[in-house]
Amino acid sequence: MSENSPEKEVVIKKNFIHQIVEEEISAGKNGGVVHTRFPPEPNGYLHIGHAKSICLNFGTAQKFNGITNLRFDDTNPSKEDTEYVDSIMEDVRWLGFDWGDRLFYASDYFDKLFAFALKLIEEGKAYVDDQDAETISSQKGTPTRPGAESPCRNRTVAENVDLFMRMKAGEFDEGKCVLRAKIDMASPNMHMRDPIIYRIMKAPHHRTGDKWCIYPMYDFAHGQCDYWEGITHSICTLEFEVHRPLYDWFVEQLRDTDYRPRQIEFARLNLTYTVMSKRKLLQLVKENYVNGWDDPRMPTISGLRRRGYTPASIRNFSDRIGVTKVDGVIDVALLEHSVREDLNRIAQRVMGVLNPLKVVITNYPEGQVEELDAINNPENPDAGTRKVPFTREIYIEHDDFMENPPRKFFRLSPGKEVRLRYAYYVTCNEVIKDENGEVIELRCTYDPETRGGNSPDGRKVKATLHWVSCTENVKAEVRLYDRLFTDEEPDEHKDIDFKEFLNADSLAVLDNCYIEPFVKDAKALDSFQFERLGYFNVDPDTNAEKIVFNRTAQLRDNWAKVKGK
RNA sequence: UGACCCGUGGUGUAAUUGGCAACACGUCUGGUUUUGGUCCAGAAGAGUCCAGGUUCGAGCCCUGGCGGGUCAACCA
């Protein structure tokens, strides 16, 4: 894809996080250093919601001359996998961000975390609880009722150290005991009621192998990792807001200087007509409602990439939607607008017929092939021109012909003259139908004087149609996508499963499409505008036998609106 | 019902330290056009959840309501 034209800059409004950072810098906090991190758990593919977070974290650092770490939050080996690690790195890079040499894993800190846990035990701030999960849970209380203290709460330090060492040594089965921070079972904040910080999990870890059979919980790892990496702003989503006191509590136990990372929460992205939770996306993949994580209908970054979205379009989208603590829903139309905007500027134009209707130009010489000049991108004169072959028999779009057209139909109909883009004016003389009365061919005549598309006598036509030669073309399969769900918020219905709203027509495969020869050497992911239709890119399923296109987005279509009324 | 968070056109965001609500998407008009695209011009649409209060003046401050969200995994 050509990236030659300058990227349109979306005006980024100063969001509340920028404002906080700005105030801290002018107050001299952290010596003016801004250091963020993007901390995905490698248990699934990244989606457009993560893109928002990536743009926020990397973007905030960039804005204030800071840097950003990539850190995998891999504290739960039972769910995590290197497959996800690889895809996440690919996606972040593809979006256009660089973490330099600062690639980290929470598992890098397992030794330090263990030592810190031991320190808490020695200070009487943590204890081993060997009650079963259910009992511990029942002692937690409820949001409105305080919890009860565990009978294990007052073990001696020596006892706790011994037990914890034996947990580490693998002497206990999974679920036999846990390490808990000793904070406050009566706290109005559930997360402060002696949270579990280590559990036994006899699963090999994708990085540490069999070294550990106990693993730290998220709350016991995240803030500490931030602290050790010198993170200044730990930006996360709203649901972690209630975790913040705990985050601060651990950092407070750990720190030996004035420095502490600050957790700031923002609202996660929701998009209309889709779902964004990893669990639900995983379900769509596992249960084959879509063809994998990178199915072009998925809101995953890999899906959007395969669909033909550009990194710039996603970054612009992220900038436009803003950052707040209001939990809202963004209209997908805004995302679609962002790709159209970017692709309009950079996409090579080409003509392609998706639903062909054969047209024979009866007064055009048989066997003649003319090479006509076509503009590659009217938005970018530097893109130049190309030749398009014209012949006696061509295909036009079936929708561009109507035997009995309504008032505002400008396209071809019996007796009417239209322009074939970059070619000639043609007039429809005859309609040929099959035994079912379906129109299968048109007989037209052309005006040789109108070569290139203009009439010397100044005669105007109302419409310009795209076309492809019947003999000089590339045959293609084209996959048309529609929204995956029929409901604006498929997972916001109390009693209806989101899958009930799956759109049965979200994918339509057309295998009788003809594209002008220009695309014959196109490579996977190359984007084109098929004039008058939309943006299409080459799917990786393309091989020597057939070229496959995905429709990224349709062009705005006023006729469709008129027709709809 | 405990704690924490949130409440501005249809949607998402703005509104300098309080000064007559702005931008984008969407919608609707019209113009240009060899893409019914792009582009250009314009319109409709909120009086800022409600009620009090402070003030010459409140979307911004105070009080009290109302509405919504999050939190009770050995997930993150």
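Scroll up to find the structure.
Peer 1: Hey, could you go over the sheet that holds strand β11 (residues 352-353) for me, with residue numbers and the actual values?
Peer 2: The strand order across the open sheet formed by seven strands is β10-β23-β24-β25-β21-β22-β11, and the pairing between neighbours is mixed. Here the strands that pair on one side only, and so sit at the sheet edges, are β10 (348-350) and β11. Lying on the sheet, helix α12 (residues 332-346) is in contact with β10, β23 (527-530), β24 (534-538) and β25 (547-554); it crosses β25 at an angle near 120 degrees.

Peer 1: Lay out the nonpolar core in plain terms, naming residues and giving numbers.
Peer 2: Core analysis: the biggest nonpolar cluster contains 41 residues, and Phe164, Leu179, Ile197, Tyr198, Ile214, Phe220 and Phe250 have the highest contact counts within it. Mapped onto this core, the elements with two or more residues apiece are α4 (110-122), β4 (126-129), α6 (157-169), β5 (178-181), β6 (196-200), β7 (214-216), α7 (218-229) and α8 (244-254). Among the elements that take part in this core, α4 stands out by supplying eight residues, more than any other. Ignoring any residue separated from it by four or fewer positions in sequence, one finds isoleucine 214 in contact with Phe114, Phe164, Met167, Lys168, Tyr198, Arg199, Ile200 and Met201.

Peer 1: So what's going on with the environment of methionine 185? Which residues, and what values?
Peer 2: When you line up the elements, methionine 185 lands in the loop between β5 and β6. Along the primary structure methionine 185 and arginine 244 are separated by 59 residues, whereas in three dimensions their C-alpha atoms are 17 Å apart. Not counting residues up to four positions away in its chain, the partners in contact with methionine 185 are Gln139, Lys140, Pro146, Gly147, Ala148, Glu149, Arg153, Arg180, Arg193 and Asp194.

Peer 1: A description of the state of the cysteines should follow, citing residues and the corresponding values.
Peer 2: Going through the model one piece at a time under the given rule, you end up with zero disulfides. Cysteine 225 supplies the cysteine sulfur nearest to cysteine 236, a cysteine that is in no disulfide, at a spacing of 14 Å. Residue cysteine 236 is classed as buried on the basis of its relative accessible area of 10%.

Peer 1: Give me the lowdown on the protein's contact with RNA strand B, citing residues and values where you can.
Peer 2: In the region of RNA strand B, 69 residues are neighbours, and Thr75, Phe410, Arg411, Gly452 and Asn558 sit closest. Close to the protein, within 4 Å, the atoms of RNA strand B are drawn from sugar and phosphate at a rate of 64%. Backbone polar atom of glutamine 131 to a base nitrogen of RNA strand B: 3.4 Å apart, as the coordinates give it. Glycine 175 has a polar backbone atom sitting 3.0 Å from a base nitrogen of RNA strand B.

Peer 1: So what about the pairing of strand β15 (residues 393-397)? Which residues, and what values?
Peer 2: Burial analysis of β15 places four of its five residues in the buried class, which makes it a mostly covered element. Relative to strand β20 (residues 467-469), β15 runs antiparallel, the two being bridged by three bridges. What sits directly across from isoleucine 394, in β20, is serine 469.

Peer 1: Explain the pattern of salt bridges residue by residue, including any values.
Peer 2: For the coordinates displayed, the defined rule picks out 50 salt bridges. The partner of aspartate 101 in a salt bridge is arginine 102, with the nearest N and O atoms 3.9 Å apart. Residue classification places arginine 102 among the buried residues on the basis of a relative accessible area of 17%. A salt bridge links arginine 297 to aspartate 295; its shortest N-O distance comes to 2.8 Å. Residue arginine 297 shares its accessibility class with aspartate 295, and that shared class is buried.

Reading the values: the criteria
Residues numbered from 1 in each chain as written. Chains lettered and ligands numbered in written order. Predicted model: local features only at pLDDT ≥ 70, side-chain atom pairs only at ≥ 80, totals over all residues. Heavy atoms only, no water. Pairing = 2+ DSSP bridges. Helix = DSSP H or I, 4+ residues; strand = E, 2+ residues; numbered from the N terminus. Contact = heavy atoms within 4.5 Å. Axes fitted to C-alpha atoms, helices over the stretch in contact; angles between N-to-C directions. Core = buried A, V, L, I, M, F, W, Y, C linked by side-chain atoms within 4.5 Å. Buried < 20%, exposed > 50% of the residue type's maximum accessible area, 1.4 Å probe, protein only. Disulfide = S-S within 2.5 Å. Near = heavy atom within 4 Å. Polar contact = N/O pair within 3.5 Å; in protein donor to acceptor, adjacent residues only side chain to side chain. Salt bridge = Lys/Arg side-chain N within 4 Å of Asp/Glu carboxyl O.

The values reported here are purely geometric and, on their own, carry no functional implication.
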